[in-house]
Structure formats: structure tokens, C-alpha cells
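Read off the chains here:
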Amino acid sequence: MQEMDPTYEQTETFEADHPQTLSRRTLRRILYLALAALAVLLLVLLPPYVSLNRYQKRIATSISNSLGRPVHLDNVSLNLLPLPGFTLDNFVVDEDPAFGSEPVIRAASVRATLRFRSLLRHRIEFSTISFSEPTSVNLVHLANGKWNLQTILLHAAHVEVAPTVQKKAGPAPRFPYIEATGARLNLKLDNEKTPVSLTDADFALWLPDPQQWHLRLQARPARTDINVSDTGTLQVEGTLSRASSLGEVPLNLRGEWRNVPLGQASLILFGRDAGLRGNMTLSANAQGTVSNSAIQAHLQLVGARRADFVPAQPLDIDLQCLGAATGDFHSFQDIHCSWPPTGSSDPPMLAISGALPDIRAPRSVAVEIGTPGLPAATLLDWLHIASSRVPADIAASGTLTGSLAYRPDSANSIPWQGGMQITNAGLINPRSGPRSSTDSLITGDVSLQSVTPPIPDPHHKNRRAPTSPPPPGFQLAPTSLALGGKDPAILDGHFDATGYTLHLTGMASLARLHALATALPQLGDGLGEVLPTNRAAGPFRIDLTATRTWGGPQTWVDNTTHPAPPHPRRPIHSSLAH
């Protein structure tokens, strides 16, 4: 019989006498895991079975007292994950009847996260209140200057609260971090909802200091009456402080509308495509109070041009403006703009000043535009951007100075007044011929000045028949043109609200007339139809009159065959003035 290994026998005996058992550490871990799994299971399964409807009215009343407006809820449910809190379904804040009947805030769902430490003081505080889409906010502005949100803001200013970031609960409740995603902000004027709105809005409001709110907004401008797509991004961020009235609320706001194509910007602002292309960035800062704030604005246009053609060199604009916003941002005064901005290394080109007494009446704006010295070559570059008809090889010289003012309350039919002058003006068309290719078509100065009819004196007695004064508008002073004659030809004219009339007299050759028409195509429209074809190239005497109504065709008349009438006694658009 085979003998058994004694080592094996001892091992078997030891396992029989000492069975395998789990250590206390392992048992503790298993217990903890079981309790955690049970807790998670309860957190997931328990909230739907916990009814908070009996607290629904109390929660709505509490929020209503905080906002100063009636608040309605359809349902309140408990959430334990990821953080304990409540979900409010169909959250509605009623509007003040003075501003309409549509709710000021409507949200499908609102999530309010609890602060646990506040329960130790037998009160409920929320660390975060989140509005999920779809959320709609109506901003209403009345003709008397009041906003619907000002009563909510002033009501909240009288409620004593602690900063949002305060860790420990104190005597005053801590202001929650309020946020909204994917919201829509509608603008209403009185009871009429405007087509302009902000969509995909992300909003945040918190209290970093007991006396100051901090807000942040990012949204996309939109219109409801037309189709717009790429409208850029609008961002606003800043602070609002407590005060006893809306006008006294201190503010420090920064805003930027960036990466917006000019065509889409015109659709948003005017409701139509202005026929411009390029990219725009507009930024602004407001610092002061709601009733009186200092404004700084910066407008940048890159690659600006017309939509119907692409010029060789589009226009870049860098405009800086300073001003004051008064009357709760209803009026903008002391506006001063400069291009390029003040402090730039480039020489000044344009200065713009003005005022907008009522933002709801844009036609009330008063503007003055002036230049201390703009090169005529720059004007020609702008003309290349405005029109594809101007040849690229045309050269200009001289300096433009002067100013033009727009006054909507002017007693004249034309609210524009002022004058502009190009000194030592020159215009060279290389196509005018080998001998005259370097000779300027313009000699001397070019001056355009507003004219105002005199006010008749009822006490002045004059036996002569009254003469009709020139209609209000702008008069082009006699301008010398080198058109091939021994003496210069003379061009003068008159511009008003309906159109213009030009009168060209003197000695001229066909080649120089064609060179003038080519260099300034708008001036040359229709000129070839009245030039003689049965005489020598010249020079010969001309007496021509051109008329054009704005937006219409230009017509030239040869006064040697069709004598021009005397000085016009009717508006310029209905007669051929010399």
C-alpha cells in the first residue's frame, strides 16, 4: 500500500479546523458600498414620490415678494441629484398692468439649487437659479420714458441680501446666482412688440458686493419680420448699484457687437439690405448713472464696399466717438467723433459732432461733418469704392476743407447747410491725348456753398416786380475747366432736395470734353448725345445745361440750338436753370 505524504495530511487537517473568513476591513467596505448603492437608489427613486404641491403656493409667494410681481407655478418637484433642489414647471412672472398684459418672464422650467447651511437658520436659500430654454423675457418701454423692469430693480434694491459668494449663512439671505441659457429677449414699445429681438441669449446675474449687482449677457440679434442669418454676437457685461430711483442707479457697462457682416447689420437696424458688404465691430462703454452717463464708442469697418461690385481697395474705417447719454438713455448729447481716433499717428480726416434728442425719433438727429484737410486723392479713392465706372488711372490733387451741418428743424426745405472747398484742385485723365495727358481738367478751386433764400420784409416797399430768389440748396461756384480753349470753360450749378442743374459754357475741344466725361462718368452721362458730330475737333464754343432728378437719368441740352430759359422762378427740378 502506497504511503501518504505527511505534508498533505497536515494541510488538509488545518483547513478543516480553520475555515476561510472575510476580514473586518472587507466587510466594512461591502457595507459602505451597500449603503451608498441604497442611497443612490433612494435619490433616484424617491423624489418622484415626494409631493411638494402643498409648498407650491408658499414658494410662489416668496418669489413674488422678492420681485414685487405676481408669480405662478404649475408644479414643484424635488431633485436630489446632482445637487438637492427644486424644479419649478411653467414659471410665469406677471406684468405690471401699466406695461401690458403679456408676462414679463415665462420659462418652461426653472431649477433652484438649495444651500444646506441655510437650513440651520430655519430658512431656505438658493445658491443657483437656472432658467432653461425656452425662456422669454419682455422688455417694455413706454412713451413716458419708463421701463417695465425698473420697478423690479428698485424693489430688489430695497431687499437686504448678502453677497452671492459669501460662504457662511448670516443674518441676511445670500443673493443667488441667476442664469438663463437659450433665452429670448423681446423689445416692446408701448403695447407693440418690435421685430427686433435677442435670441440664444445666455444671461447671468449675481451680487459680488452687498451694494452692487454684476450682469453678463451674450446673445444674437434677430428680427421676426425678415430672414437674417449671420448677425454676429452681442455681449454686454458690467455692474449696477443700488439707489432710491432708477435715474440714480450707478452703472458701469461694456458692450460689443462683433463679427457682423454689414449687410446683415443693415437688415437688423433698418429692416432692409443697404447694399453694403464688409465686416463691422461696434463697442461701447457707459459709466455714470442711468440718467447721465459718459459714453465711449468705437466703430470699425473692414473691407467696406458696395454689394454690386468689388473695388480694388475696399474701405477701412476706424471711428471713435465720445458723448453723454441723458434722460435714462433716451437722449444722446455732445457727440464728438473722429476718424482716425484721437491720438492716432495718422493725420485727422473727418470730425463728426451732433446730438440725438430722442432715440425714438431718429429724424431729430442733428449732425455736423467737417474736415481740416482731406486730400483730393483720398476723395477719388472713395469714389472708386462708390462707383465702378470711375477709371482706375484717374489722378486727383488738392485739399478738401469745410463742414456741412444737418438741422432737421431748419426752416429751409433743405436741412443741410455749410460749405466745402477743394483748393488747388486738379483732375488728370491720361486718356485725354498725348499732349494733354498731364494737363489737369480742373484749374483753381472748387467751391460748394449752401444758399438760403432771404426772408421777405413785410414793411419794405418796392415798386419793382418781385424776383424769385434761388431755391434753397447748394450752389456750385463758377469753376474753371481746361477743355482745350485759350480761355478756361466755366462750370457752375445748383443742388437741392430734388436734384441738380449744371451749366457749362466757354471754349472746348471734343477730346477734352470726352476726357472730362470719362474721368467723371456721372457728369458725363448723356453728354455725348449733344456734342456736335459735323464740325472739327475744336476748340469751339459750347453752352450746355444738364439736369437730373435724384435717382433719375441726366439730360444735357445744347442752349445754342435750344435757348435756355431765364433764371428759374420755379423749383429747380421743374426747369432748366443756368
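A. Geometry of the overall build of the chain. Counting its regular elements, the chain contains 8 helices and 25 strands. Among the 578 residues that make up the chain, the fraction classed as buried is 39%. Across the chain, every contact between residues at least 6 apart in sequence was considered, and the portion connecting residues at least 24 apart equals 52%. Working note: accessible area of the chain is about 33,300 Å², and carbon and sulfur atoms make up 58% of it.

B. Fine view of the state of the cysteines. By the definition in use, this model includes 1 disulfide. Cys-321 shares a disulfide with Cys-337; S-S distance 2.0 Å. What sets the handedness of the Cys-321 and Cys-337 disulfide is the S-S torsion sign, and at about 110° it is right-handed. Of the two residues, Cys-321 sits in strand 13 (residues 315-326) while Cys-337 sits in strand 14 (residues 331-339), which places them 16 residues apart along the sequence. The buried category is assigned to Cys-321, whose relative accessible area is 16%. With relative accessibility at 10%, the residue Cys-337 sits in the buried group.

C. Spatial organisation of the pairing of strand 5 (residues 126-141). Sheet analysis places strand 4 (residues 105-114) next to strand 5, joined by 9 bridges and oriented antiparallel. Its bridge partner being in strand 5, Val-110 is matched across the sheet by Phe-131. Bridge count for strand 5 against strand 6 (residues 177-189) is 11 bridges, and the pairing is parallel. Pairing of Val-140 across the sheet is with Lys-188, part of strand 6. In terms of handedness, the path from strand 5 via helix 4 (residues 150-157) over to strand 6 forms a crossover that is right-handed.

D. How the structure looks around the pattern of salt bridges. The tally for this structure, following the rule as stated, stands at 11 salt bridges. Residues Asp-225 and Arg-223 are paired through a salt bridge, measuring 3.0 Å at the closest nitrogen-oxygen approach. Assessed through its relative accessible area of 45%, Asp-225 is described here as partly exposed. For Arg-223, a relative accessible area of 13% gives the class buried. Of the charged contacts in the structure, one is a salt bridge between Arg-389 and Asp-525, with a shortest N-O distance of 2.4 Å. Here the residue Arg-389 occupies a position in the loop between helix 6 (376-386) and strand 17 (395-406), and Asp-525 occupies one in the loop between helix 8 (521-524) and strand 24 (540-549), the gap between them amounting to 136 residues. Residue Arg-389 is classed as partly exposed on the basis of its relative accessible area, which comes to 43%. What you see here is one network of salt bridges that share partners, running through Glu-102, Lys-188 and Lys-193.

E. Quick peek at the side chain of Thr-164. As for its position among the elements, Thr-164 is in the loop between helix 4 and strand 6. On the basis of relative accessible area, Thr-164 is assigned to the buried category, the value being 9%. Non-local contacts of Thr-164, meaning those with residues more than four positions away in its chain, are made with Arg-115, Phe-175, Pro-176, Tyr-177, Trp-206 and Leu-207.

F. Focus on a positive patch on the surface. A cluster of like positive charges, contributed by Arg-24, Arg-25, Arg-28 and Arg-29, occupies part of the molecular surface. Mapped onto the fold, Arg-25 is located in helix 2 (residues 24-45).

G. Structural context of helix 3 (residues 56-67). Over its 12 residues, helix 3 runs 17 Å from end to end, which matches the ideal 16 Å to within 8%, given 1.5 Å per residue. Buried-residue contacts for helix 3 involve strand 1 (71-72), strand 2 (75-79) and strand 3 (85-93). Of the residues one or two after helix 3, Gly-68 is the one with positive phi, at around 80°.

H. Spotlight on the packing of aromatic side chains. A complete count under the given rule lists 7 aromatic pairs for this structure. For the pair Tyr-406 and Trp-416, a centre-to-centre distance of 5.3 Å together with 55° between the ring planes defines the contact as tilted. Placement of the pair is Tyr-406 in strand 17 and Trp-416 in strand 18 (residues 416-428), with a sequence separation of 10 residues. Given a relative accessible area of 33%, Trp-416 falls into the partly exposed group. Among the aromatic residues, ring-to-ring pairing joins Phe-495, Tyr-500 and Trp-550 into one connected group.

I. Structural view of helix 5 (residues 262-270). Burial of helix 5 is extensive: 7 of the 9 residues sit out of reach of the surface. Residues of helix 5 that are buried include every one of Leu-262, Gly-263, Gln-264, Ala-265, Ser-266, Leu-267 and Ile-268, and no others. On its buried face, helix 5 is in contact with strand 7 (192-209), strand 8 (212-223), strand 10 (250-261), strand 11 (276-289) and strand 12 (292-306). Once helix 5 ends, the next one or two residues include Gly-271, with phi positive near 80°.

J. Representation of the pairing of strand 3 within the structure. With respect to burial, strand 3 is a largely interior element, 7 of its 9 residues being buried. Sheet topology note: the strand 1/strand 3 ladder contains 2 bridges and is antiparallel. Paired with Val-71 across the strands is Val-93, a residue of strand 3. Summarising the sheet, strand 2 and strand 3 pair through 5 bridges and their orientation is antiparallel. Among the inter-strand pairings, Asn-75 is bridged to a residue of strand 3, identified as Asp-89. Bridge count for strand 3 against strand 4 is 8 bridges, and the pairing is antiparallel. By the bridge assignment, Phe-86 is partnered in strand 4 with Ala-112.

K. View of unusual backbone geometry. A cis amide bond, omega -5°, links Trp-339 with the succeeding residue Pro-340. Take Pro-340: it is sitting in the loop between strand 14 and strand 15 (350-356). In this model, Asp-190 sits at a positive phi of 60°, which is unusual for a non-glycine residue. Relative to the helices and strands, Asp-190 is located in the loop between strand 6 and strand 7. Exposure remark for Asp-190: the relative accessible area of 28% places this residue in the partly exposed category. Non-glycine residue Asn-424 carries a positive phi angle of around 55°. Tracing the sequence through the fold places Asn-424 in strand 18.

L. Quick peek at the nonpolar core. Judged by nonpolar contacts, the single largest core of 42 residues is most densely connected at Leu-73, Leu-88, Phe-91 and Phe-131. Counting residues per element, the ones that place at least two in this core are helix 3, strand 2, strand 3, strand 4, strand 5, strand 6, strand 7 and strand 8. A total of 5 residues in this core trace back to one element, the largest contributor, which is strand 4. Non-local contacts of Leu-88, meaning those with residues more than four positions away in its chain, are made with Ile-59, Ile-63, Leu-73, Asn-75, Val-76, Ala-108, Ser-109 and Val-110. Counting residues in hydrophobic clusters, the runner-up holds 36 residues, among them Met-420, Leu-481, Ala-515 and Val-530.

Conventions we followed
Residues numbered from 1 in each chain as written. Predicted model: local features only at pLDDT ≥ 70, side-chain atom pairs only at ≥ 80, totals over all residues. Heavy atoms only, no water. Helix = DSSP H or I, 4+ residues; strand = E, 2+ residues; numbered from the N terminus. Buried < 20%, exposed > 50% of the residue type's maximum accessible area, 1.4 Å probe, protein only. Contact = heavy atoms within 4.5 Å. Areas by Shrake-Rupley, 256 points an atom, 1.4 Å probe, with all protein chains shown as cover. Disulfide = S-S within 2.5 Å. Pairing = 2+ DSSP bridges. Right-handed = clockwise from strand over helix to strand, strands pointing away. Salt bridge = Lys/Arg side-chain N within 4 Å of Asp/Glu carboxyl O. Patch = residues over 30% accessible without salt bridge, like charges linked within 9 Å, V, L, I, M, F, W, Y side chains within 5 Å. Lys, Arg positive; Asp, Glu negative; His and termini not counted. Charge placed at Lys NZ, Arg CZ, Asp CG, Glu CD. Expected span 1.5 Å × (residues − 1). Phe/Tyr/Trp six-rings, centres within 6.5 Å; stacked < 30°, edge-to-face > 60°. Core = buried A, V, L, I, M, F, W, Y, C linked by side-chain atoms within 4.5 Å.

Honestly, that's just the spatial picture; any functional story needs more than this.
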